[in-house]
Structures are given as structure tokens and as C-alpha cells.
Amino acid sequence: MVTAIGGPRVLLRQLRETMAEPLASQDRLDKIVNLIADNMRADVCSFYVLRDDGALELFATRGLKPEAVHMTTLQLGEGLVGLIAAEAEPLSLDNAPAHPAFLYKPETGEDAYLSFLGVPVLRAGQTLGVLVVQNSDRRHYGEEETEAMLTTATILAEMIATSDFDTLIKPGQDIDLRRPRMFDGLPLADGIALGKVVLHDPRVVVTNFIAEDTEAELARLEAALERMRMSINDMLDHGDMVAATDHREILETYRMFANDRGWVARLSEAIQNGLSAEAAVERVQNDTRARMLRQTDPYIRDRLHDLDDLANRLLRVLTGDGSALAKKDLPENSILVARNMGPAELLEYDRTRIRGIVLEEGASTAHVVIVARSLGLVMVGQADSIVSVSETGDDIIVDGITGKVHLRPTLDIEQSYVEKVRLTEKRQAHYATLKSKPSVTRDGIEITLLHNSGLVADMPMLEETGAAGVGLFRTELQFMIASRLPRLAEQVALYREAIRLCGDRPIVFRLLDIGGDKVVPYLRSQAEENPAMGWRSLRIGLERPGLLRTQIRALLTAADGRPMKILVPMVTEVIEFKKTRLVVDKEMDRLRRTGHPVPARLELGAMVEVPSLLFELDALMPEVDFVSIGSNDLVMFLTAADRGNARVSKHYDPIGRPRLRALRTVVEAATLHGKSLTMCGELAGKPLEALALMAIGMTKLSMGPSSIGPVKEMILGLELAPIRAAVAEALAEGAGGVPIRALLKDWVDRQKLSV
Ligand code: PEP
Ligand code: MG
């Protein structure tokens, strides 16, 4: 084992002094490699920097031939240094030339050295370079030396990121730190947004790297860990999570890590080596992130993500940064970047300044996506590991059409997007010309297009899209953005405003659908294993009659004598619908008794979104004035695949045969009973899926405002009757297994429709 002179603490102190000296960058680096070599008793110390073009360039050395500096390069994965950079893992060898990856570069004179220790220089999980020490005799660099080198590398990474280091970089060979990145994600909400990153859970910036007093730093770490453990226990014990199982699970994982001896030991060790408590957290976090970027097993990666989040929490405690994010004080054109986010969290932001959202997770029918669409935001999900490599303030382009996200885009990418935006605007202008055209297929079938809405902010869009009205007004959004239960008068005011903005067009108000992932912080409940199938929606309404009564009263009052349509969500059995009607009847009576005008016509409809109701349609239809299908929940329950989890939901095409057959039973029952039927799930907003619905006989489709144009364009060019017949045949009993999607695509191609 090699014994270091004075140990890593002395080295760090010397490094700090060197950083403070007024030296040119190259002199500083030369001095640093000398210090490291002396301290580690190494014959050689070399520092390689990973350039933007993927080459590792020798930037400084003590021991190799000086003429090799800035001349010798290795590709990523090439030689021992390239291997360390590619794998982001330390490598210790007592006979380096014998290693299969060893590559002899004659200009360095490297072959004379047997023992070798190299570590990656990491920042935010990205490899910036490689730091190497070598000795001519056969020695073993042990764990202690590796730790010391990693600690030194943390400081070097900081120097690269913050100093005048770029003076050393040849033009056109930027280093890796800020290189552009492209993510191939899942398009969730249409459009293109150019803006600046705002990290939803911002990283804490560590400025104080080197410990003055190790004991004091260890005590700070212990105190911070204790505070963090207490706050996690507190959150778990007091059910702060409002039945959100996901959050609970994450907290349980946090608790496990926070008490994990290995993790805590690594933190302490980094402090023992001379780092401050916060730098120690960052040092260990760097390893986690590097592992995260390499990891392909989704389960392990999720756990590494949790560990990364936990490190962030710990940094906040240590730096006293109580999440510095001012949710109302955002730059123009903010693009929120997060691992995941609930709809309520999104609604906390100043909506006028956000243009888009990028998530590492996310699936197309998750509520946060629905809310984003209703706010007209561009959104992409499944952007793998974007959080760890982006920083607040970075330039970013979100393409909600293809799912591509460009972080720190190059100028030509940016220009091509500016052009794309121009084209999109042109397309929007084209859609705007369609707004007053009747929504009728070429063979004369009228299709009513309606908006899904939930915030009055999106109601003026009705004028722009020419939609026939609002097919679904999600009343829970008002509850989600409020800090306490909205009072009767506040509810009345919102509904009145929505009715006013709708003008002569019809609007369907859906009764509160809270619970599941639509978290309302002031309505606490017990934690549940499966909140999507838990105490939510109408179930809450029927058990909390005060809540339901107040909302119905508000709706009937807001009508001011005009017609009113109310939709009941999550009906599981007909009896629940009947109970709701009783409450409505009572409120109507009350209104009459108190001399208020009652709605000229009241229609009460049921949502079909729980599979059980599919088998009671005969009993349901006579009770209802209209029905609306919620395909988001219905498909989730039919396939037993969480709508918010793309990993499972992507395997089940919502317009696959079994789902489409289920939807068709509703069409048949509604037709038989002469009841109006609408689709208000996200299926209606995608042209090809909308075609599937039309093919099984649906003629009323409600969708996010931005979908009206593309769907209408498809309708106007469509001949519907032949594809109706073809789909009917494909759905018939015993029919061959032609995938419905393929059938529709073929038809769309033949008709030259754009979907
Ligand atoms: C649905 O489930 O399809 C629906 C429209 O309701 P929500 O998305 O609000 O649950
Ligand atoms: Mg639903």
C-alpha cells in the first residue's frame, strides 16, 4: 500500500491555497498535479479532460513527457484512461501494462510505470475527465488512496466548472460539462417551446468545499442527518401524503437510505478526507448519479434516483436552503424539469410564465399531463436522467410533437426549431381557418367537437377553435389550486364565469373528482395502497354529503335559470347515480322554496369509467339524461395498467380489440335508449384514436383545445362509412386478428389524411 504524505486533508488544504493563488490556469494545473504526486508519493500524476468531441486530452502531468501535454488524446473507451471515463468508475492496477485495455502511447513514455490508479472526475454524474497516479514499481493502491483521489477529483471538477479553465481549451473543443444533449422522450402535450430550464426540485449549489475543522463537519453531518430522518418520520407518521401511496413508498425508501450505514459511512469518510459536509454529500451524490446514468435496470435506477433525491434533501438541510424555488417568481418562458410532478404541484406555479414541462417519468393520461394540456403547455415525458444533467437557467427546447428535448441546443438546432415554430404557427393559422367550417365528414356524418376544460383561463380558446362547447369541465382543478376548501360563493363565482365565457354553447360540469393523484392537501385522508382505486371522486361525495350538496347547490345557483348539465364521475353501480340524483332533486326543491330561479332544464349524466358499470348499462341508461365515457380510467381499469405509468400502459393499445369492444357496448346501449353519448377521455384528442371512436359510432368527442384543429382536419377529409364497416367486421366474433390500429392507418393513408 502507498502511504500518502500528510494524507488527503493536507492535500486539500494545499489545493485550496493553490486555487486562491493568482496563477494562470496551466500553471495552476501543473502545480496541482505536482502536489497530488508528492502527496500520494507517486512518480506520475496526470490529468485528462474529456472534450466535447469525445476525446480525452492530457491537460497536465508530472512524470510523463511534458511534450505530450495537450498533444496526447485518447478516445472514450480507449486505453485505461478511456475505460475509466466511459465507465465512470475508479480503476486500480498493480501491473497496468498487463491489462487488456492498456494502450501504449509512445509520446508519453508511460510503459515504464507498473502500478496505476485512475479515478473519474465527475460533476452531476457527468464525466469531465480522469485523474491518474502511477508508480514505476509494483504497488497496490488501496481503498483509502482511491477515496483520497476521488475527493481530490471532486475539487478538480469544481475548478473546471467554475474557474477560468476555458482559457486552456482550444477553440471548437469545449469540455463535456455543458455540452448539448438530446433526449428522446414521449410526446405528451403538443407544440414546441423554447425557453429556460427551471428545476422543479433545484439542486443546491455547494460553494464551501474544503473543511476547516473535520470534527465540526462530522457533527454538522450527523445533526443534518438526524433532522432529515426526523422530518421523514414525521411525514410518514402524520399522513401528510394524503393517501398518496407513491409518495409513501418514496418516503419509506428515503427512510431506509437515511439509516443506511454504508451511505452514511461513505459520507463520513469523505469528510475525514477533508471535504466539508456539503461537499461530501455532493461527492457521494456524484457516484450515485454516474451509476444512475449507466444503470439499465429500471428498478435499480429508480432506487438510485431516490438516493439522489435524498442527497438533495440533505444538502438543503446542511445549507439551510429551504427550497429556494420561488414558484411565483419565474423567468419568462420557463420550462419545468422534474423527475415527476403531481397536478397540484404544477398548479402552484405562476402559469403565465411556464411554456413547457419535461419529466423523467409521465404517461399520456396522467392528470398532470391533462392539466398541462388544459393550460396549453408543451410537455414531454420519459426524458431519461434529464434532471441530473440540467441546471436552472439552461437553454432548452421541448418538442411536444416528436418527444425530442434539446438541452443546451447548438445554434443550428435552435435555428431549425425557430423555423419549426414558424411552421407550427402556420399550421395553427390553417386550423384557425377551419374553425367556422361545419364539422362533417365527406360522407355527411356530423361530429360534434367539444373542449375539455377546468380552468376559466382556457375558456377563451373556444373562440379560436370554434368548438361547439365544453364537454367536460373538471371542477376539481379549482379545489387543487386552492389552499383551503373553496366556499359556496367562490364555487358559484367560478361556475358563473365559466358559463359566461361559454356564451350560447353548452357546458358540462363534472362533479368533484378528487383523490387518486388529484391531491387536495386540505382534505386529508388515510394513506391507501391503491389510491386510484381508493376513496376518490363520487365515493368521497357520497360519504361527505356536505361537500357534494354544496357543489350541487353552487352549480344550480350559478345557472341563474339557464339550462344546466351535470356529470357524475366514477359511477361504479347504478345505485350511486340514483343517490346523487336524490341530492340534486333536494337542492332543486330547496332552490324553488327559497324563490331562486331553477335551471330551465337540468340534465344529469353519468361517466362510464369503471368497468363494473359496463355490465349494468341496461339499468343505467333509463336513469341518465346522458353518458360520457372516461377512457383514461376505463382503459386503466380494463387493462389493470396504471394510466400514469408508461412502462406498463404502453403495452396495451387503448383502441385494441378488447377495449374497443367494451366501448362499443356503451355506444350500443346509448343508441338503444336514445341517450346522448360523449367521449371525454384523452382518446378523443388523437386523430387516429378519434377515428376509431367514430368508426364504432361515436359522434361527440371532447378533448383538449389544441386537439380540435388536427381532429377536425381529419374529419373534413374523411369518408367514414367504409371504415365503420371494416372496423365492425374486425370486431365481430370470430374475426381474424387484424389489429384495429393497422386497419385505421391503412384507411387514413388511402384517404391521404394527416393524423
Ligand atoms: C377519464 O378518466 O377518462 C376522464 C375523463 O377523467 P379524468 O381524466 O379526469 O380522470
Ligand atoms: Mg376519470
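(A) Representation of the site of ligand 1 within the structure. Taken together, 16 residues lie near ligand 1, and Arg474, Arg510, Lys518, Asn632 and Arg643 sit nearest. Here an oxygen atom of ligand 1 sits 3.4 Å away from a polar atom, N or O, in the main chain of glycine 630. Contact with the protein chains removes 100% of the 290 Å² of surface that ligand 1 exposes when unbound. Every element with two or more residues in the shell around ligand 1 is listed here: helix H11 (367-374), strand S16 (470-474) and helix H21 (631-639). Here the shell around ligand 1 gets 3 residues from one element, more than from any other, and that element is H21. Per-class residue counts for the shell around ligand 1 are 4 nonpolar, 5 polar and 7 charged.

(B) Up close: the state of the cysteines. A full pass over the atoms with the stated rule returns 0 disulfides. Counting only cysteine sulfurs, cysteine 680 is the nearest neighbor of cysteine 502, a cysteine outside any disulfide, at a range of 15 Å. On the basis of relative accessibility, which here comes to 0%, the residue cysteine 502 falls in the buried class.

(C) Main features of helix H5 (residues 214-237). The terminal C-alpha atoms of H5 lie 34 Å apart, and with 24 residues this matches the ideal 34 Å at 1.5 Å per residue to within 8%. Where H5 is concerned, the buried positions are Thr214, Glu217, Leu218, Leu221, Ala224, Leu225, Met228, Arg229, Ile232, Met235 and Leu236. The residue sitting at the N-terminus of H5 and contributing the capping side-chain oxygen is aspartate 213; that oxygen lies 3.1 Å from the backbone nitrogen of glutamate 215.

(D) Inspection of the side chain of glutamate 689 at higher detail. Following the sequence through the fold, glutamate 689 ends up in helix H24 (residues 687-695). Engagement of the side chain of glutamate 689 in a polar contact is seen with the side chain of arginine 741, the distance being 2.8 Å. Excluding residues that lie within four positions of it along the chain, glutamate 689 makes contacts with Ile655, Leu683 and Arg741.

(E) A look at the coordination of the magnesium ion (ligand 2). Around the magnesium ion (ligand 2), the protein supplies Glu609 (OE) and Asp633 (OD) as donor atoms, at distances of 2.0 to 2.1 Å. Here glutamate 609, found in the loop between strand S19 (602-608) and helix H20 (617-620), pairs with aspartate 633, found in helix H21; they are 24 residues apart in sequence, far enough to count as distant. Taken as a pair, glutamate 609 and aspartate 633 share a single burial class, namely buried.

(F) Structural detail: unusual backbone geometry. Non-glycine residue alanine 88 carries a positive phi angle of around 50°. Mapping alanine 88 onto the fold places it in the loop between helix H3 (79-87) and strand S4 (91-93). What makes alanine 88 buried here is its relative accessible area of 13%. With phi around 55°, alanine 640 is a residue other than glycine that occupies positive phi space. As for its position among the elements, alanine 640 is in the loop between H21 and helix H22 (646-649). What makes alanine 640 exposed here is its relative accessible area of 73%.

(G) Layout of the confidence of the model for the chain. Summing up the model confidence of the chain, the mean pLDDT is 88 and the portion of residues at 70 or higher is 94%. Below pLDDT 50 for its whole length, residues 239-245 participates in 21 contacts with residues either more than four positions away or in separate chains.

(H) Geometry of the environment of glycine 320. As for its placement among the helices and strands, glycine 320 is situated in the loop between helix H9 (298-319) and strand S10 (334-338). Sequence spacing of glycine 320 and alanine 224 is 96 residues, and the spatial spacing of their C-alpha atoms is 9.9 Å.

(I) A look at the pairing of strand S13 (residues 395-399). Counting buried residues in S13 gives 4 out of 5 residues, a clear majority hidden from the surface. As defined by bridge partners, strand S9 (residues 192-199) adjoins S13 across 5 bridges and the pair is classed as antiparallel. Counterpart to leucine 194 in the pairing with S13 is isoleucine 397. Across 3 bridges, the pairing between S13 and strand S14 (residues 404-407) is antiparallel. Bridge pairing in S14 places isoleucine 396 opposite leucine 407. In this antiparallel pair of consecutive strands, S13 and S14, the connection spans 4 residues, and glycine 403 shows a positive phi of 90°.

(J) Focus on the nonpolar core. Grouped together as the largest cluster of nonpolar side chains are 116 residues, with contacts concentrated most on Leu346 and Leu701. Residues lining this core come from more than one domain, with at least three contributed by each of domain 2 (181-199 + 331-421) and domain 4 (435-751). The contact partners of leucine 701, leaving out residues within four places of it in the chain, are Ile447, Thr448, Leu449, Leu450, Thr678, Met679, Ala684, Ala690, Leu693 and Met694. Grouped together as the second largest cluster of nonpolar side chains are 62 residues, Leu12, Leu15, Ala224 and Ala270 included.

(K) Up close: the side chain of serine 374. Tracing the sequence through the fold places serine 374 in helix H11. Overall, serine 374 belongs to the buried group, its relative accessible area being 10%.

(L) Local environment of the sheet that holds strand S5 (residues 115-123). The antiparallel open sheet is built from 6 strands, whose spatial order is S3-S2-S1-S6-S5-S4. Of all strands in the sheet, those bounded by a partner on one side alone are strand S3 (73-75) and S4. Within the sheet, the average angular offset between the axes of one strand and its neighbour, ignoring direction, is 20°. Two strands pair when backbone bridges link them, and strand S1 (residues 44-50) and strand S6 (residues 126-135) are joined in this way by 6 bridges, in the antiparallel orientation. Across the sheet, the residue bridging to cysteine 45 is valine 133, located in S6. Running over the sheet, helix H2 (residues 25-40) touches S1, strand S2 (55-62) and S6 and is turned about 70° from S2.

(M) Structural view of the packing of H24 against helix H25 (residues 705-716). Two elements in contact, H24 and H25, have axes whose closest approach is 9 Å; the angle formed by their N-to-C orientations is 50°. If you check the angle between H24 and H25, you find them oblique. For H24 against H25, the interelement crossing comes out right-handed. In this structure, H24 uses Pro687, Ala690, Leu691 and Met694 to contact H25, whose residues at the interface are Pro710, Val711, Met714 and Ile715. Broken down by class, the residue content of the contact of H24 with H25 amounts to 8 nonpolar, no polar and no charged.

(N) The packing of aromatic side chains, seen in detail. According to the stated counting rule, one finds 2 aromatic pairs in the structure shown. Relative to phenylalanine 509, the ring of phenylalanine 473 lies with its centre 5.3 Å away and its plane at 65°, an arrangement referred to as edge-to-face. You can see phenylalanine 473 sitting in strand S16 and its partner phenylalanine 509 sitting in strand S17 (residues 507-510), a full 36 residues away along the chain. Residue phenylalanine 473 shares its accessibility class with phenylalanine 509, and that shared class is buried.

Calculation criteria
Residues numbered from 1 in each chain as written. Chains lettered and ligands numbered in written order. Predicted model: local features only at pLDDT ≥ 70, side-chain atom pairs only at ≥ 80, totals over all residues. Heavy atoms only, no water. Near = heavy atom within 4 Å. Polar contact = N/O pair within 3.5 Å; in protein donor to acceptor, adjacent residues only side chain to side chain. Areas by Shrake-Rupley, 256 points an atom, 1.4 Å probe, with all protein chains shown as cover. Helix = DSSP H or I, 4+ residues; strand = E, 2+ residues; numbered from the N terminus. Nonpolar A, V, L, I, M, F, W, Y, C, P; charged D, E, K, R; others polar. Disulfide = S-S within 2.5 Å. Buried < 20%, exposed > 50% of the residue type's maximum accessible area, 1.4 Å probe, protein only. Expected span 1.5 Å × (residues − 1). Contact = heavy atoms within 4.5 Å. Donors = N, O, S within 2.8 Å, 3.2 Å for Na, K, Ca; no water. pLDDT = per-residue confidence, 0-100. Pairing = 2+ DSSP bridges. Core = buried A, V, L, I, M, F, W, Y, C linked by side-chain atoms within 4.5 Å. Domains from an automatic or database assignment. Axes fitted to C-alpha atoms, helices over the stretch in contact; angles between N-to-C directions. Parallel < 35°, antiparallel > 145°, perpendicular 65-115°, else oblique. Left-handed = near helix turned anticlockwise from the far one by under 90°. Phe/Tyr/Trp six-rings, centres within 6.5 Å; stacked < 30°, edge-to-face > 60°.

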